[in-house]
Amino acid sequence: MTDLTETSTEGFAGLGLRQELLEAVSASGYVTPTPIQIQAIPPALAGQDVIGCAQTGTGKTAAFVLPMLHHLADSPERHGDVRGLILVPTRELAQQVERAVGTYGSSLSIEPMLVYGGMPIGAQIRDLKWGCDVLVATPGRLLDHLQRGTVDLSHVEVLVLDEADRMLDMGFIEDVRSIVRRTPKDRQTFLFSATMANRVLSLVHEMMRDPVQVHVGFQTSAEGITEVVHPVDYPNKYGLLAHLLESWGTDGQVIVFTRMKSTAAYVNEFLRGRGVASDDLHGDKAQSDRTKSLERFRQKDIQILVATNVAARGLDIVGVTHVVNFDVPDDPKDYVHRVGRTARGDLTGDAVTLMSTHEILLVKDIEKLMGKRVPRRVVEGFEPSFQDNAGAEDENEAAPVDQPARSRLGRGRRSR
Ligand code: AMP
């Protein structure tokens, strides 16, 4: 990834964005556009459809929000019609993208609105009647509004499908198709996805016209992340987690990922029982509670968030110093997304995976996907009863976990 803090006289201005957006970008503290922004913004401003293949943390949200706002600001008299539509897979991502639209669009009087499930529909119907310019929505709830006739997509000029692969994984394909059919054919379409699997390409053929494809990075973790796998017997994972948290101290933010909702709740209870300020985030919790937990974590009222994959994609929380995979994810792509929650922008972070004997093959799949090996390190006092042949050569070099690869004091901006 390009050095995000490198100064440049051209920076965003060289991309052709209007003055109000340049000011908003500068107010956000961005000096240099990221590679995906450099590649995607000019063709998007020229009116072309754009496919962006980018891993998380690359600045892809601004890569589609800025050109959308640039275009919508051309016709302020249309204020109040849904002219920008952004479809995202999860509620959390919807909230985050809506915040970005609000931030970048504030001086252009562009009104964003959020529509997602798990919240009372009545208030959304009322807000939709008032009108907005950019709608950020999850597919299921938006389809519900379309079926009730409470939203009109016939004025959409720019459509974004964000995390298209994830929307397909979550079974939203037919919902997405029905929604896109209700938008004008001559719209501009942007599609962002971490992978360009055949299923995604079939959406591209259906929904886009002569798209320009821009590509950033490989299907791998970002370079600011230090990764390690700790082989451990499953029952000892709780003790090892507590040990690791203690050794890291209390000034960082940690996300602990589990495979199941019940495990997330259980790990959270375990940590709280030890006096750790933690909360859980998973699909069994009411949306309002999920939003509250996330906000408390963002505000640093709690130090640990124990979450299922609900929080794996797209979430952008500055200051997450560690990601712990309490369980190894079944889908290797989820690993890349989970560890991408740390080392956002140009910061650094640690990603730690607790691997029990039945998860050895899952770790191998992850390494195959990323095309690199993740070092194994046995933690003293938590030696596993099984042999991990793939990692055998690392065990001799095992550094005590109390002296992690990078000390907390050294954490911060990536050295260059
Ligand atoms: P995203 O990939 O959209 O989730 O963005 C990842 C992180 O990079 C977010 O914290 C953004 O605020 C940040 N970011 C986006 N564009 C830039 C930029 N040009 N310079 C520095 N940071 C950026």
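Everything below is about the structure printed above this text.
Residues numbered from 1 in each chain as written. Predicted model: local features only at pLDDT ≥ 70, side-chain atom pairs only at ≥ 80, totals over all residues. Heavy atoms only, no water.

## A short note on the overall build of the chain
Phase 1 of the analysis: The helix and strand inventory of the chain stands at 15 helices and 13 strands.
Phase 2 of the analysis: A sequence separation of at least 24 residues applies to 75% of the contacts in the chain between residues at least 6 apart.
Phase 3 of the analysis: By element, 50% of the accessible surface of the chain is carried by carbon and sulfur atoms, the whole surface being about 17100 Å². (Helix = DSSP H or I, 4+ residues; strand = E, 2+ residues; numbered from the N terminus. Contact = heavy atoms within 4.5 Å. Areas by Shrake-Rupley, 256 points an atom, 1.4 Å probe, with all protein chains shown as cover.)

## As for the nonpolar core
Phase 1 of the analysis: Formed by 42 residues in total, the largest nonpolar core has its most connected members in Leu-66, Leu-69, Ile-86, Tyr-104 and Val-134.
Phase 2 of the analysis: The greatest single-element share of this core, amounting to eight residues, is contributed by helix H3 (residues 60-72).
Phase 3 of the analysis: Beyond its immediate stretch of four places on either side in the chain, Val-134 contacts Met-68, Leu-69, Leu-72, Gly-84, Ile-86, Val-101, Ile-110, Glu-111, Pro-112 and Met-113.
Phase 4 of the analysis: With 33 residues, the next largest nonpolar core counts Met-113, Met-167, Met-196 and Met-207 among its residues. (Core = buried A, V, L, I, M, F, W, Y, C linked by side-chain atoms within 4.5 Å. Buried < 20%, exposed > 50% of the residue type's maximum accessible area, 1.4 Å probe, protein only.)

## A short note on the environment of Met-208
Phase 1 of the analysis: By the secondary structure assignment, Met-208 is in the loop between helix H9 (198-207) and strand S7 (212-216).
Phase 2 of the analysis: Along the backbone, Met-208 and Gln-48 are 160 residues apart, and their C-alpha atoms lie at a distance of 9.6 Å.
Phase 3 of the analysis: What Met-208 contacts, discounting residues up to four positions off in sequence, is Asp-49, Val-50, Ile-51, Thr-189, Phe-190, Leu-191 and Leu-203.

## Section: unusual backbone geometry
Phase 1 of the analysis: One non-glycine residue, Ser-109, lies in the positive phi region at around 50°.
Phase 2 of the analysis: Of note, Asp-210 is a non-glycine position whose phi angle comes to about 40°, a positive value.
Phase 3 of the analysis: For Asp-210, the location among the structural elements is in the loop between H9 and S7.

## As for the site of the ligand
Phase 1 of the analysis: The full set close to the ligand counts 14 residues, and Tyr-30, Gln-37, Gly-59, Thr-61 and Asp-316 are the nearest of them.
Phase 2 of the analysis: Between the ligand and Tyr-30, the relevant distance is 2.3 Å, taken from an oxygen atom to a side-chain nitrogen or oxygen of the residue.
Phase 3 of the analysis: A distance of 2.6 Å separates an oxygen atom of the ligand from a polar atom in the side chain of Thr-61.
Phase 4 of the analysis: Relative to its free-state accessible area of 490 Å², the ligand is covered by the protein chains to the extent of 87%.
Phase 5 of the analysis: Within the shell around the ligand, the residues separate by chemical class into four nonpolar, seven polar and three charged. (Near = heavy atom within 4 Å. Polar contact = N/O pair within 3.5 Å; in protein donor to acceptor, adjacent residues only side chain to side chain. Nonpolar A, V, L, I, M, F, W, Y, C, P; charged D, E, K, R; others polar.)

## Description of the sheet that holds strand S8 (residues 225-231)
Phase 1 of the analysis: Pairing in this open sheet of six strands is parallel, and the strands run S8-S13-S12-S9-S11-S10 from one edge to the other. For this open sheet the edge positions go to S8 and strand S10 (278-281), each flanked by a neighbour on one side alone. On average, each strand axis in the sheet is inclined to that of its neighbour by 20°, with strand direction left out of account.
Phase 2 of the analysis: Of the pairings in the sheet, the one linking S8 to strand S13 (residues 349-355) comprises seven bridges and is parallel in character. Of the residues in S13, the one forming a bridge with His-230 is Leu-354.
Phase 3 of the analysis: The strands touched by helix H13 (residues 332-339) are S8, strand S9 (253-257), strand S12 (320-325) and S13; relative to S12, the strand with the most contacts, the crossing angle is about 155°. (Pairing = 2+ DSSP bridges. Axes fitted to C-alpha atoms, helices over the stretch in contact; angles between N-to-C directions.)

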